Amino acid sequence: MNVSQGPTLVEATQMHRFRGGDRRFAFLVPSSMIFELDRTSERVLDRLADGPRAPGEIVGNDAEQDALRELASVGAVARQGAPLIPIGGLQEVDGPPPVRTVVLNITNSCNLACRYCYEYGDDRIAEAEVPMAMTEEVARQSVDRLLADSGEAKDLQVTFFGGETLLNWRVIRPTVEYAREQVERVGKRVDFSLTTNATLLTREISKWLADNEIGVTISVDGPREFQDSMRVYGNGMGSYDVIAPRIRQFLEVQKRPVGARVTVTSKNLDVPRIFEHLIGLGFYEVGFAPVTSSPDQDYALGEDGFDDLLDQFRDLADDYVEAAADGRYLGFSNLSDLLGEIHEGVSKAYPCGAGLGLVGVAPGGEVGLCHRFAGSGDHDLGHVATGIDDAKRAEHLEKAHIDARTDCSQCWVRSLCSGGCYHEAQVRYGDRFKPNLHYCDWIRDWTALGLSAYGRILDRNPQFLTRFEGMLRAAQPTP
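Residues numbered from 1 in each chain as written. Predicted model: local features only at pLDDT ≥ 70, side-chain atom pairs only at ≥ 80, totals over all residues. Heavy atoms only, no water.

1. A few points about the overall build of the protein
Test applied: By the criteria applied, helices consist of DSSP H or I runs no shorter than four residues and strands consist of E runs no shorter than two, each listed in order from the N terminus. Burial classification: accessible surface area is computed with a 1.4 Å probe over protein chains only, and a residue below 20% of its type maximum counts as buried, one above 50% as exposed, and the rest as partly exposed. Throughout, a residue-residue contact means that at least one pair of heavy atoms, one from each residue, lies within 4.5 Å. Where accessible areas are quoted, they stem from the Shrake-Rupley method and a 1.4 Å probe; at the residue level, only the protein chains shown are allowed to cover.
On a plain count of helices and strands, the protein comes out with 15 helices and 15 strands. Over its C-alpha atoms, taken along the principal directions, the protein stretches across nearly 75 × 50 × 45 Å. Within the protein, buried positions represent 54% of all 479 residues. Long-range contacts, defined here as pairs at least 24 residues apart, represent 73% of the contacts in the protein between residues at least 6 apart. Working note: accessible area of the protein is about 20,700 Å², and carbon and sulfur atoms make up 46% of it.

2. Quick word on the domain arrangement of the protein
Selection criterion: In this entry, domain limits derive from an automatic or database-based domain assignment. When two parts are brought into contact, each loses some accessible area as probed by a 1.4 Å sphere; the total of that loss over both is the buried area. Note on definitions: salt bridges are taken to be side-chain nitrogens of Lys or Arg within 4 Å of carboxyl oxygens of Asp or Glu. Between N or O atoms, a polar contact is any pair within 3.5 Å; within protein, one atom must be a potential hydrogen donor and the other a potential acceptor, and residues adjacent in sequence are included only when both atoms are from side chains. Any residue outside Ala, Val, Leu, Ile, Met, Phe, Trp, Tyr, Cys, Pro, Asp, Glu, Lys and Arg is labelled polar, Gly included; the first ten of those are nonpolar and the last four are charged.
Partitioning the protein into domains gives domain 1 (10-79) and domain 2 (101-377 + 442-468). Counting residues at the interface gives 13 residues for domain 1 and 12 residues for domain 2. Taken together, the two surfaces of domain 1 and domain 2 that pack against each other cover about 890 Å², and 63% of this comes from carbon and sulfur. For the pair domain 1 and domain 2, the number of links is 0 salt bridges. Seen at the junction of domain 1 and domain 2, the total is 3 residue pairs in polar contact (both at pLDDT 80 or more). Put simply, the parts of the chain that give the side of domain 1 that touches domain 2 at least two residues each are β2 (15-20) and β3 (23-28). For the side of domain 1 that touches domain 2, the residue count by class is 5 nonpolar, 5 polar and 3 charged.

3. Section: helix α8 (residues 240-253)
Convention followed: Here, expected helix span is obtained from the residue count minus one, scaled by 1.5 Å.
Its 14 residues place the ends of α8 21 Å apart at the C-alpha level, agreeing with the 20 Å of an ideal helix rising 1.5 Å per residue. Looking at α8, one finds that the buried residues are Tyr-240, Ile-243, Ala-244, Ile-247, Gln-249, Phe-250 and Leu-251. Lining the buried residues of α8 we find α6 (203-211), β9 (215-219), α7 (224-230) and α9 (271-281).

4. Re the side chain of Asn-334
Along the chain, the position of Asn-334 falls in helix α11 (residues 333-344). At a separation of 2.7 Å, a polar atom in the side chain of Asn-334 contacts the main-chain carbonyl oxygen of Phe-288.

5. Some points on the sheet that holds strand β8 (residues 189-196)
Inclusion rule: Pairing between strands requires that DSSP locate at least two bridges from one strand to the other. Helix axes use the C-alpha atoms of the stretch in contact, all axes being lines fitted to C-alpha atoms, and the angles between their N-to-C directions lie in the range 0 to 180 degrees.
Pairing in this open sheet of 10 strands is mixed, and the strands run β11-β10-β9-β8-β7-β6-β12-β13-β14-β15 from one edge to the other. The open sheet is flanked by β11 (285-290) and β15 (387-388), the only strands paired with a single partner. Pairing analysis gives 3 bridges linking β9 to strand β10 (residues 259-264), with the strands arranged parallel. Bridging from a neighbouring strand, Ser-219 pairs with Arg-261 of β10. α9 rests against β10 and β11 of the sheet, and its axis sits at about 145° to β11.

Listed below in structure tokens is the structure:
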């Protein structure tokens, strides 16, 4: 773009400007590029803050002229009315990409009766009449389906999920052995993970998981007071005294870092206390997930609750930055995941891998977009025994693309958010393609918080950020 002459008006493109220490940056949409601004570039952008202007009104000397050219070269400014650059390109889907991850809902049964569980509560969307436990045959068929649909992908993932996953322990071991045999036969690799509530983590199971290097996430809500308020047995008895010694025993033998996953509700909204307690138990990191629920549930967070959660995340992020400045890792996985996406310049056309490179399988073998949709009737994509309906999967990907979501078109965070969780949208709006509009302000504030943390770390100890290079993790399914 020749920005030095002509009648063309120039405008700033979508961006978010932020500071890191004494340095100033711009996060550019849709590329997710972070561009450091000097004072001259800031002056140029400040002059565009009120709208498009002629180049002659923007620059007053050679330095500003050079700054304008540089801003144009990275896409920070453009001619007025230039079309928005699509994220990932909105094109006709010509066959879905390979499937790399399969999440096996190996049981719909659970030995706990957590009040907020989407599997059994008012937020359930799966069909009622489905088998409660996956057979070894269906699990093998799921592995075969993964291999058949993985294309040229070499690195595959099998995740075991529930219900309480370990209730179907008898299927896990032979499925791991079978999957390893099959991928070796075709020259591929497979990694395994599972999520558990820790109630069934015996010494034998703990040792087998460690010896086989199975990645494990434990669902736990913090100290006894919080754990026993929502994560209870069917008779109302709390679960903390059962799981605490099992977790300690389990963590002693593990070879891989183990994360805790906390469901945040209005009943346990105390992030610092929960984090300190779980790190003290020996977890490598802790992740917090706001409860997925309809707003009339008594445990729903509500607007004030989300504001409080963000304030607590901000305080924990400050601690994270201080640790990073000293070269130490503080296991706040929410922030680590966001920093990883920022550092790698992730620009997402879809909010997650559901239906993209990941599918979920119900106990009966029905294939869904993810573990939360598997066995949900109209949302199913096929069956492991007969195959995945690629046309239905392609239709999902076309409708779910961020550039098809007009509500998101003017949002500066759309390249990192991409509209939000399909299941949350289905629960809240009855339409999985609807953006999670009730989260928009919160997501923007959270992303701004993450960018600020990134800038501060970049300013104080940029070497710390190299830990994220090439290390983006696939999102683990959440209960």
